[in-house]
Amino acid sequence: MKKKIAFIINPKSGTIDKKVLPDIIEEEIDSSQFDYNVEFTKYRGNGSELAASFVKNSYYAVIAVGGDGTVNEIAKELIHNNTALGILPIGSGNGLARHLNIPMNFRKAIQALNNSEIITIDYGLVNEHPFFCTCGTGFDAYVSLEFAKGQKRGIMAYIEKMITGYFSYKPQNYHLQGEGIDLKSKAFVLTFANASQWGNNAYIAPQASVQDGMLDISVMSNFPVIAIPSIALQLFTKTIDKDLFMTTLRAREIKLIREESGPFHYDGEPYEEGKEINVRIVPEGLKVLVKKRF
């Protein structure tokens, strides 16, 4: 009996032409294994509505076609259900897909679906809002907000916001409490990681695992301009946790207290959050399709 799967495409994600994607899916998907349908989201939140309907109809998997924000919108409707998440990454960062070794080439990612198996991974909650890759505040939340305001998409647009944002962003004081942790610090970046990277192979939490039941917390203090090249190198060589300006913590649950409300991001999507933020990990809450290991 064929497995029912659905592809949910975010037409605003990334920079490639979305009109051709259904044809590529038809060319590459193994129709002997899967009965499938394709939907395009029409507005923010529509991905969640569509995913919920597929769960209700007992679909084997729902495939998020987009970036980490699209993955978040869809995956939060799949937690603690038998319907698995698949990912065809076409976003700007694709952090969770990269962590799971899903190919960045669209055709190869579909081919990997044809030869996939289900694993179960953890997810996080920020004041009960799910995230699956990373969340946080500080400079990365500021850049996420500026990126969301702009019309351009893709990695170059994101880098442009990072460069211009460095000179205008003002770090805050933060207080982290929980599980033997009591840290007060003025931080430039404060990231809570389920997976190991922000995206584009920038590893903010190199030791993070999506199956260990723990948050990896990366606290980067303010640093001078002269340190930017070495920090960038460490992000892309999985050694940022060794940097002089970085403090790394691990916990199952933690409270963040900050000076004022402001930007926060879940999987790269910016939101406003208050002064007190509770972050925790939920073990083994989401089924995900990955390429068969054997």
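Look above for the structure.
So, how was this worked out
Residues numbered from 1 in each chain as written. Predicted model: local features only at pLDDT ≥ 70, side-chain atom pairs only at ≥ 80, totals over all residues. Heavy atoms only, no water. Phe/Tyr/Trp six-rings, centres within 6.5 Å; stacked < 30°, edge-to-face > 60°. Helix = DSSP H or I, 4+ residues; strand = E, 2+ residues; numbered from the N terminus. Buried < 20%, exposed > 50% of the residue type's maximum accessible area, 1.4 Å probe, protein only. Lys NZ or Arg CZ within 6 Å of the ring centre and 35° of its normal. Core = buried A, V, L, I, M, F, W, Y, C linked by side-chain atoms within 4.5 Å. 1 Å grid on protein atoms, 1.4 Å probe; cavity = no way out; pocket = protein on both sides within 12 Å on 5 of 7 lines; lining within 4 Å. Points joined across faces, edges and corners; volume = space filled by probe spheres on them. Nonpolar A, V, L, I, M, F, W, Y, C, P; charged D, E, K, R; others polar. Pairing = 2+ DSSP bridges.

Some words on the packing of aromatic side chains
Applying the stated criterion to the full structure yields seven aromatic pairs. Taken together, a centroid distance of 4.9 Å and an interplanar angle of 70° make the contact between F188 and F223 edge-to-face. Of this pair, F188 sits in strand β9 (residues 181-193) while F223 sits in the loop between β10 (215-221) and α8 (228-236); the two residues are 35 residues apart in sequence, bridging distant segments of the chain. Taking 5.7 Å as the distance between ring centres and 50° as the angle between the ring planes, the aromatic pair formed by F264 and Y266 counts as tilted. Assigned by exposure class, F264 and Y266 land together as buried. An aromatic cluster is built from F188, F223 and F245, whose rings are joined through pairwise contacts. For the cation-ring pair, K3 lies above Y60, with the distance from its terminal atom to the ring centre recorded as 4.5 Å. Of note, K238 hangs over the ring of Y203, and the distance from its end group to the ring centre comes to 4.7 Å.

Quick notes on the nonpolar core
If you look at the biggest cluster of nonpolar residues, it comprises 52 residues, and the most contacted ones within it are F7, L85, L88, L96, L100, F106 and L286. With 38 residues, the next largest nonpolar core counts L176, F188, L190 and I217 among its residues.

A short note on empty space enclosed by the protein
Evaluation of the coordinates by the stated rule reveals one cavity of 30 Å³ or more. Approximately 80 Å³ is the volume attributed to the largest cavity. Elements supplying a minimum of two residues to the lining of the largest cavity: α5 (106-114) and β15 (276-291). When grouped by side-chain class, the residues that make up the lining of the largest cavity number nine nonpolar, two polar and one charged.

Here we look at unusual backbone geometry
Non-glycine residue N201 carries a positive phi angle of around 65°. Taking the relative accessible area as the measure of exposure, N201 reaches 31% and is therefore partly exposed. Positive phi values are uncommon outside glycine, yet E284 reaches one of about 50°. Looking at the secondary structure, you find E284 in strand β15.

A closer look at the environment of Q111
By the element assignment, Q111 lies in helix α5. Of the residues examined, Q111 reaches a relative accessible area of 37% and is grouped as partly exposed. Spatially, the C-alpha atoms of Q111 and H265 are 32 Å apart, while their sequence positions differ by 154 residues.

Structural notes on the pairing of strand β13 (residues 262-266)
Across the five residues of β13, four count as buried, placing the element largely inside the fold. As paired elements, β13 and strand β14 (residues 269-273) share five bridges and run antiparallel to each other. Residue P263 lies in a different strand from β14, and its bridge partner there is E272. Hairpin connection between β13 and β14: a loop of two residues separates the two successive antiparallel strands, and D267 in this loop has a positive phi of roughly 55°.

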